[in-house]
Amino acid sequence: MSEDNWDVVVIGGGGAGLAAAVSAAEQGASVLLFESETELGGSTQLSAGLFTAAGTSVQRGLGIEDTAEKYFQHYMDLNHWMLKPGLVRAFCEHAGPTLEWLIGLGVEIPARESANAHMPGLAQAGVEDVWRGHVPKDQGYGLIQVLDRARRERGVEAVLNTRVQSLLVEDGRVAGVVADDIEVRASTVVIASGGFAQNKELVDKLYPFANRGGDSLFVVAAPGSQGDHLAFGKQVDAAVTGEGWGLMLPTVYFQRFHHWQSGFPPKSRIYVNGDGRRFMDEDASYAVSTGIIDAQPDGAWVVFDERARVNLPVGYTDWAPERVLDEAGAGRTLRADSLTGLAAAMGVPADALEAAVARWNDQLPNGVDDDFLRHRTLANKGSTANPDPIDHGPFYAARLLPAELVCTHAGVEIDGSASVLDRTGRAIDGLFAAGEAGAGILGLRYVGGGNAVANALTMGRIAGINAARTARGESTTSTALTTAGI
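Every value quoted in this text rests on a predicted model; they were computed, and no experiment measured them.

(A) View of the packing of helix α1 (residues 15-26) against helix α6 (residues 139-153). Between α1 and α6, the shortest axis-to-axis distance is 9 Å and the interhelical angle comes to 30 degrees. Classified by the angle between their axes, α1 and α6 sit roughly parallel to one another. Judged by the twist between their axes, the crossing of α1 over α6 is left-handed. Across from G15, L18, A19 and V22 in α1, the residues of α6 making contact are I144, L147, D148, A150 and R151.

As structure tokens, then:
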């Protein structure tokens, strides 16, 4: 904090904050970045780093034709057009250029097909017709390392383990921040402090759907996701949007960690509802799966057999052979020697469960799934071996529910230039926001793996460029990346 007045102060050192800081510095601005934790990275560093974008060099390298217009249409349709089209259009148009910017900084994304979020290349992100999930080498950690190197090279000073207390507001304009009871003056401020997944009070208020997980609820967001952006917004009467929206992943009741640690359920499994009927592709993208599961009458179950249990790989915390056995021994996971007995324990019609498993056994082990097309999903994930039949007792059933809280979508409302809007819809002078803090892009439906990272880095970059423009006395624009000569 060596300067008396900075061009740009960035609150938050995750993906959005680093993108904003680096972009502002590239425009010649003096930039100071605050991070409340002891290291940079935030939730981006904990993620797979998947980045959704259209019309990229990676796609072209695989012969895939795609455009921002197609991305925009898919994005809006999946979200029932409940988001502002202009804002989403700005994001979709600039996600591709932001990805190319990252590649220019040193992020490695090979032009090859990827079967999952851990294999560098191009993967299916959600339910899009054209693959848009760009998987970087070294995951989210790799993204942060590249951005942090760019930060250091561009002379951006980072102050760690320091939580910004409030904005500094003078004559209706944001004039800096207060941190450690010290006023730090700046021409512009970018809020990139993440969401509020780690703040139970705010979750209860703004995303109560997360509580459907009950005692099984667990949070994988960074510890700094405390909702600071909402307190900053309140200071300047900022509009808040995105209430009731967020990302919950469907899990089995006994899962307590993200799948990197917890492991995966067996391939040979069937999801049935309270009527004992199969209701979905068991490998459907989480862009839609949570909503499908939540809509089922009397909840949902995952059913599998002894062969599936013993074939689970060891080394994971939750989906491991002994863990399932322990849960069954404690009576929390149901177990029976026959499907009839299992249905009785589940409280579902036995004839329906038996019919569902019989049809599953007739199709999936033979590489087809006429009802839910799971064979297509398995092929896209690079799974070449067909599942085994579910026919070796004893049989198991465990509750499925949305219980993994990843990110929250409520925040201060922004426009296409990443300017924060007040409750009348006017841009607040000198204030920008991005990532989970800057709301309006992450919506009713999570578009697929990489939605949050793409939003954070793309809008972070736009926020940084426009913050630097404002500090120079220039006007902001939703076409910031183009007008910046990038």
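Structure's up, so let's keep going.
(B) Here's a closer look at the pairing of strand β13 (residues 270-273). Of the two faces of β13, the one carrying I270 and V272 and the one carrying Y271 and N273 are both buried. Pairing geometry for β13 and strand β14 (residues 300-305), over four bridges, is antiparallel. Residue pairing for β14: V272 is matched across the bridge by W301.

(C) Here's a closer look at the environment of R256. Within the secondary structure, R256 is located in the loop between β12 (246-252) and α9 (259-262). Residues R256 and A192 lie 64 residues apart in sequence; the distance between their C-alpha atoms is 28 Å. Contact partners of R256, with chain neighbours within four places excluded, come to D215, S216, F218 and D318. One polar contact links the side chain of R256 to the main-chain carbonyl oxygen of Y253, over a distance of 2.9 Å.

Cut-off values and rules
Residues numbered from 1 in each chain as written. Predicted model: local features only at pLDDT ≥ 70, side-chain atom pairs only at ≥ 80, totals over all residues. Heavy atoms only, no water. Axes fitted to C-alpha atoms, helices over the stretch in contact; angles between N-to-C directions. Helix = DSSP H or I, 4+ residues; strand = E, 2+ residues; numbered from the N terminus. Parallel < 35°, antiparallel > 145°, perpendicular 65-115°, else oblique. Left-handed = near helix turned anticlockwise from the far one by under 90°. Contact = heavy atoms within 4.5 Å. Buried < 20%, exposed > 50% of the residue type's maximum accessible area, 1.4 Å probe, protein only. Pairing = 2+ DSSP bridges. Polar contact = N/O pair within 3.5 Å; in protein donor to acceptor, adjacent residues only side chain to side chain.

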